Amino acid sequence: MSGLLNGIRHLPGYLDRTRQEALVEVIRAVVAEAPLYVPAMPGTGKPMSVRMTNCGPLGWVTDKERGYRYQPTHPATGGPWPEMPKLLLDIWNDVSGYEKPPEACLVNFYSDDARMGLHQDKDEQDLEAPVVSISLGNSCLFRVGGLNRNDRTLSFKLASGDLVVLGGEGRLCFHGVDRIYPATSTLLKNGGRINLTLRRVRP
DNA sequence: AAGTACCA
DNA sequence: GATG
């Protein structure tokens, strides 16, 4: 991956079909307990096009009033997030190179017309730990830049089963999802894409 | 601007 | 339509 900051790794085909299917079942259970909701931008309250939920002791949330943050409870149900599934801990242990376990798994569901603007993951106190991103379902066009919003960016496709690890110099790089390619995977019966991001929040 | 529109 |  020439042109990318050191520490950004793309692992195409990391998960075989069987493990992808197992992960989808795990996420179904998470969503049953912690329903997907529509996050809102800080200040404006403008809704994002993705729907979100979390599992693990902490979850990333955003709303009009309080903005981006991690909290231990679901904003709609008020209950704790579902437990971090063992399958996700195994993946973290395999690729993160980090001692402590992840505290948050943000679950982003993209319908075929959803997108995610360029942003940095910088709401974590622990910036030594990498961010591990897992793609399931339809392919997407992923865009990665540098440490400044106006740095040149590079785009490439992510397919179901791919992993991206943002670590080292790349930990705070800008990134986003420009489009979903409809009908490029049979994993999710109703289309769309699921992205899972594992993060260590506290040092 | 973790959003959207528009344009070359 | 893809790309930036």
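Nothing here was measured: the structure is a model prediction, and the numbers come from that model. (Residues numbered from 1 in each chain as written. Chains lettered and ligands numbered in written order. Predicted model: local features only at pLDDT ≥ 70, side-chain atom pairs only at ≥ 80, totals over all residues. Heavy atoms only, no water.)

Engineer: Tell me about helix α1 (residues 17-33), and please be specific about residues and values.
Structural biologist: The terminal C-alpha atoms of α1 lie 25 Å apart, and with 17 residues this matches the ideal 24 Å at 1.5 Å per residue to within 8%. At its buried positions, α1 is contacted by β2 (51-55), α2 (86-95), β5 (104-110), β7 (131-137) and β12 (193-199). (Helix = DSSP H or I, 4+ residues; strand = E, 2+ residues; numbered from the N terminus. Expected span 1.5 Å × (residues − 1). Contact = heavy atoms within 4.5 Å.)

Engineer: Describe in detail the packing of α1 against α2, supporting the description with residues and values.
Structural biologist: Orientation of α1 relative to α2, taken along the N-to-C sense of each, is 130°, at an axis distance of 10 Å. The pairing of α1 with α2 is recorded here as oblique in orientation. Judged by residue contacts, R19, A22, L23 and V26 of α1 engage L87, L88 and I91 from α2. Residue classes in the contact of α1 with α2 are distributed as six nonpolar, no polar and one charged. (Axes fitted to C-alpha atoms, helices over the stretch in contact; angles between N-to-C directions. Parallel < 35°, antiparallel > 145°, perpendicular 65-115°, else oblique. Nonpolar A, V, L, I, M, F, W, Y, C, P; charged D, E, K, R; others polar.)

Engineer: Which residues make up the UniProt feature "binding site: 2-oxoglutarate" (unreviewed entry) in chain A, and what are the values?
Structural biologist: Here the UniProt feature "binding site: 2-oxoglutarate" (unreviewed entry) sits at N108, F109, Y110, R193, I194, N195, L196, T197, L198 and R199. Turning to its location among the elements, L196 is positioned in strand β12. When residues no more than four places from it in sequence are discounted, the contact partners of L196 are L23, I27, L88, C105, L106, V107, V132, S133, I134 and L136. Structurally, R199 can be placed in strand β12. Accessibility expressed as a relative area gives 6% for R199, which makes it buried. Among the polar contacts listed, one links the side chain of R199 to the side chain of Y70, at a separation of 2.7 Å. (UniProt positions renumbered as here; feature names shortened; annotations may be inferred. Buried < 20%, exposed > 50% of the residue type's maximum accessible area, 1.4 Å probe, protein only. Polar contact = N/O pair within 3.5 Å; in protein donor to acceptor, adjacent residues only side chain to side chain.)

Engineer: Outline the protein's contact with DNA strand B, supporting the account with residue identities and numerical values.
Structural biologist: Within the structure, DNA strand B sits among 14 residues, and Y68, G117, L118, H119 and R149 are positioned closest to it. When the atoms of DNA strand B within 4 Å of the protein are sorted by group, sugar and phosphate make up 62%. In the model, a base nitrogen of DNA strand B is placed 3.3 Å from a nitrogen or oxygen of the W60 side chain. The dominant element in the surface near DNA strand B, judged by the number of residues it contributes, is strand β6 (residues 116-119), at four residues. Residues that form the surface near DNA strand B fall into these classes: six nonpolar, two polar and six charged. (Near = heavy atom within 4 Å.)

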